Amino acid sequence: MKKYAVLILLVCQAPFLSAQDMAETPPMGFMSWNYFGTDISAEKLIEIADAMGATGMVDAGYDHIFIDDGWQGGRDNKNNLIPDPDKFPEGMKAFVDSIHKRDMKVGIYSDAAPLTCAGFTASLHFEKQDAKTFADWGIDYLKYDYCHAPEDVETAQTRYTTMGDALKESDRDIVYAACEWGQRDPWKWVSDAGAQLWRTTYDVRDKWKNKSDDDNAMGIMDIVAINAELDEYAGPGHWNDPDMLVVGLYGKDGPSGDLGGTGATDVEYQSQMSLWSLMAAPLMVTNDVRDMNDATKRILLNEDILAIDQDSLGKQAKRKINDDTWMVFVKPLSDGDYAIGVLNKSDKGQKFKMKLKGLGLAGTYNSFDVWSKAEKSKLQKLKDTIASHETKVWRLSESQKP
Ligand code: GLA
């Protein structure tokens, strides 16, 4: 009798176990929105996928093509979602197959209302049917947006749960990414609705900082202000998502170029990469990977910063200091090392000096600067000159216990 009870328990838990195993590290890839907007096509995305293979991005871990808004062509006479035939002439299954053949996965996009943010057909009342369609196409990830939906949290919980349940019932593991922009504290409830990650803010624009009165015009620093406070909610299978990387966009026209998104400097882009990695964020590049300059490649392909983002312990860094000049982050890593990030927020270069004890690290440490690759041994304090808007990141290994 007892044996059967255990068996039933195991069988009943099986789908949930597999769902919990999804997105054990923050998802990575290319997301179409900031560069292409709705002007996407199978042809362009396959070019991007090929460029990602050729430049080493797939090997570095950027293994998804995330199709954002604008792929939809409505519903057929059986109400099945169909892609726009001009953009995906061979159909979506053929597109997904061609990406899978390149050892990459595919993300798709819908919305918990009748229409998406850009006004295309969305999934409200068709959740089960659409989840099945996505599974049949071989989709690996769903970004589920919240435009044209009521503001209250109860409706959001119901709508996200309905799609979460539909995905669980589909016969495929599909990572579920909620996108209600952090407006209803999704970090507190949306993983119960089945999501493995959730946007914490409005859309990132291609700039360092918002200088207007418009809360929607967020730059890198405005996003950090919100996301850095949410470290306790992150971990394997449940991630804060501070939106896409703008690294290498240099003020490109399009969604991230709106609302004053006129571009940032390479130092600032490197800071975004550093801060996103310290915060264990999903890394969705949005620049044209078919045409990357050396600075962009150096930032996106730095394996030491990527190892910090993708560390299997899955801790988001704690922000220990946030004064007028400095932000200091500490991220424990799976091998016992610590990643320390120091951002100079001010408008001029500054000398940074701090005892490691002040960050709770009482021993003696060897340090490795993940950007300059400089190594130092037997440290009890950190000391360096840090440029305006630069984030230094060190990996510290204990060389002597306190
Ligand atoms: C919202 C989302 C963006 C993007 C667009 C698409 O603004 O927050 O990330 O998906 O919709 O229309």
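Above this note sits the structure.
The sections below set out a description of the structure shown in this document.

Here's the deal with the state of the cysteines
- Applying the stated criterion across every chain yields a total of one disulfide.
- Across the disulfide, C117 is cross-linked to C147 (sulfur-sulfur distance 2.0 Å). With the S-S bond torsion at 95°, the cross-link from C117 to C147 turns out right-handed. Placement of C117 in the loop between β5 (105-111) and α6 (127-137) and of C147 in the loop between β6 (141-145) and α7 (153-169) is noted, with a sequence separation of 30 residues between them.
- Classification of C117 by relative accessible area gives partly exposed; the value is 32%.
- C147 sits in the buried class, given a relative accessible area of 17%.
- The thiol sulfur of C179 is not disulfide-bonded, and the nearest other cysteine sulfur, from C117, lies at 6.7 Å.
- For C179, a relative accessible area of 1% corresponds to the buried category.

Brief notes about the sheet that holds strand β12 (residues 326-332)
- Pairing within the open sheet is antiparallel, and its six strands lie in the order β11-β12-β13-β18-β15-β16. Each of the sheet's edge strands pairs with one partner strand only, and the pair in question is β11 (318-322) and β16 (375-379). Adjacent strand axes in the sheet meet at a mean angle of 25°, parallel and antiparallel pairs treated alike.
- In terms of strand pairing, β12 meets strand β13 (residues 338-344) through seven bridges, oriented antiparallel. Residue M327 lies in a different strand from β13, and its bridge partner there is L343.

Definitions and limits used
Residues numbered from 1 in each chain as written. Predicted model: local features only at pLDDT ≥ 70, side-chain atom pairs only at ≥ 80, totals over all residues. Heavy atoms only, no water. Disulfide = S-S within 2.5 Å. Helix = DSSP H or I, 4+ residues; strand = E, 2+ residues; numbered from the N terminus. Buried < 20%, exposed > 50% of the residue type's maximum accessible area, 1.4 Å probe, protein only. Pairing = 2+ DSSP bridges. Axes fitted to C-alpha atoms, helices over the stretch in contact; angles between N-to-C directions.

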